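Now for the letters of each chain:
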Amino acid sequence: MDQTTTLRIILIIAGALLLFAIWWFGRAKRPEQGKRVEGRRGETRRDAGRIEPTLGDELEAEVGDAPEAALPEGAQSELELIDDATLPPEPAPTATSQLGARSEEKFDRIVTLFVAAREGRLLRGPDLVVAAEKAGLTYGHMHIFHRLVDGRPDQDPIFSVASMVQPGNFDMATIQTMETPGITFFMTLPTPVPALDAWETMLPTAQRMAELLDAVVLDEDRNALGRQRVAHIRDELRSYDREREKEQARRW
């Protein structure tokens, strides 16, 4: 073996020993490892090196743990506004008017007339309101129209007007889109005026509204109101008034 080969073997062994020594001492524990080194505000080095959760982690934890009802006040109000915006607006409540209210529920008889739309047509809400005003009717109790005693609105109505469609009232919140095949005129006897006088008030009003609405007047059987039927009703109401006068005289 020549000197060159021997030198190479020695260098290889020395290099291997050097690498082993570096590996061995690298495994040895550092002096500061395992010691509680104080950091700022009493934190240890181990605490200082801890990885804190991020804002995203905190929000995820809060949302995951919080019940649905535990929404922030501001967020809750925003959700309510969004929900309300998707709903149709509710009509504003209207106070119940006592105009046209009867003082007693008892009555002897009901006399009715109908004003009906012509075939293939309907009566529109806005037209009804205008016609009722022109005919001297007052919107009031039960959300229907009434004919009141002149100068005495506190008395019972002479007669009232309702829609032929149940529930019969005229809802002013939806009057613009309301349609009905007709309206009902009715008077409950006794009225604050003699029955014949009440009839002589109701019939011209029904005829006037029929003219304004391009409609037709029908009797209680929903037949065309003719002169013979009108005369018969007058006779019946005249007899009714006579009987009431006799009854009142007996009471005196």
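See above for the structure.
Here the structure is a predicted model, which is why all the values come from computation and not from measurement. (Residues numbered from 1 in each chain as written. Predicted model: local features only at pLDDT ≥ 70, side-chain atom pairs only at ≥ 80, totals over all residues. Heavy atoms only, no water.)

1. What about unusual backbone geometry?
Next up, step 1: That bond from Q166 to P167 is cis: its omega, 5°, falls within 30 degrees of zero.
Next up, step 2: Secondary-structure assignment places P167 in the loop between β5 (159-163) and β6 (179-180).
Next up, step 3: Omega for the peptide link from L189 to P190 comes to 5°, which places this bond in the cis form.
Next up, step 4: Tracing the sequence through the fold places P190 in the loop between β7 (182-189) and α6 (195-213).
Next up, step 5: Positive phi, normally seen in glycine, also occurs at H143, with a value near 60°.
Next up, step 6: Take H143: it is sitting in the loop between β3 (138-139) and β4 (145-147). (Helix = DSSP H or I, 4+ residues; strand = E, 2+ residues; numbered from the N terminus.)

2. Considerations on the packing of α6 against helix α7 (residues 227-251)
Next up, step 1: At a closest axis distance of 8 Å, the pairing of α6 and α7 adopts a crossing angle of 150°. Viewed along their axes, α6 and α7 adopt a mutual orientation that is roughly antiparallel. In this structure, α6 contributes A195, L196, W199, E200 and L203 to the contact, and α7 contributes V230, I233, R234, L237, R238, Y240 and D241.
Next up, step 2: Its residues assigned to classes, the contact of α6 with α7 shows 8 nonpolar, no polar and 4 charged. (Axes fitted to C-alpha atoms, helices over the stretch in contact; angles between N-to-C directions. Parallel < 35°, antiparallel > 145°, perpendicular 65-115°, else oblique. Contact = heavy atoms within 4.5 Å. Nonpolar A, V, L, I, M, F, W, Y, C, P; charged D, E, K, R; others polar.)

3. Overview of the pattern of salt bridges
Next up, step 1: As enumerated under the stated definition, the model contains 11 salt bridges in all.
Next up, step 2: With a shortest N-O distance of 4.0 Å, R244 and D108 are connected by a salt bridge. Separated by 136 residues along the polypeptide, R244 in helix α7 and D108 in the loop between α4 (73-85) and β1 (109-117) bring together distant segments of the chain.
Next up, step 3: On the accessibility criterion, R244 (26% relative accessible area) is partly exposed.
Next up, step 4: In this structure, R208 engages E211 in a salt bridge whose closest nitrogen and oxygen atoms are separated by 3.7 Å. Pair noted here: R208 and E211 are both in helix α6, with a separation of 3 residues, about one helical turn. (Salt bridge = Lys/Arg side-chain N within 4 Å of Asp/Glu carboxyl O. Buried < 20%, exposed > 50% of the residue type's maximum accessible area, 1.4 Å probe, protein only.)

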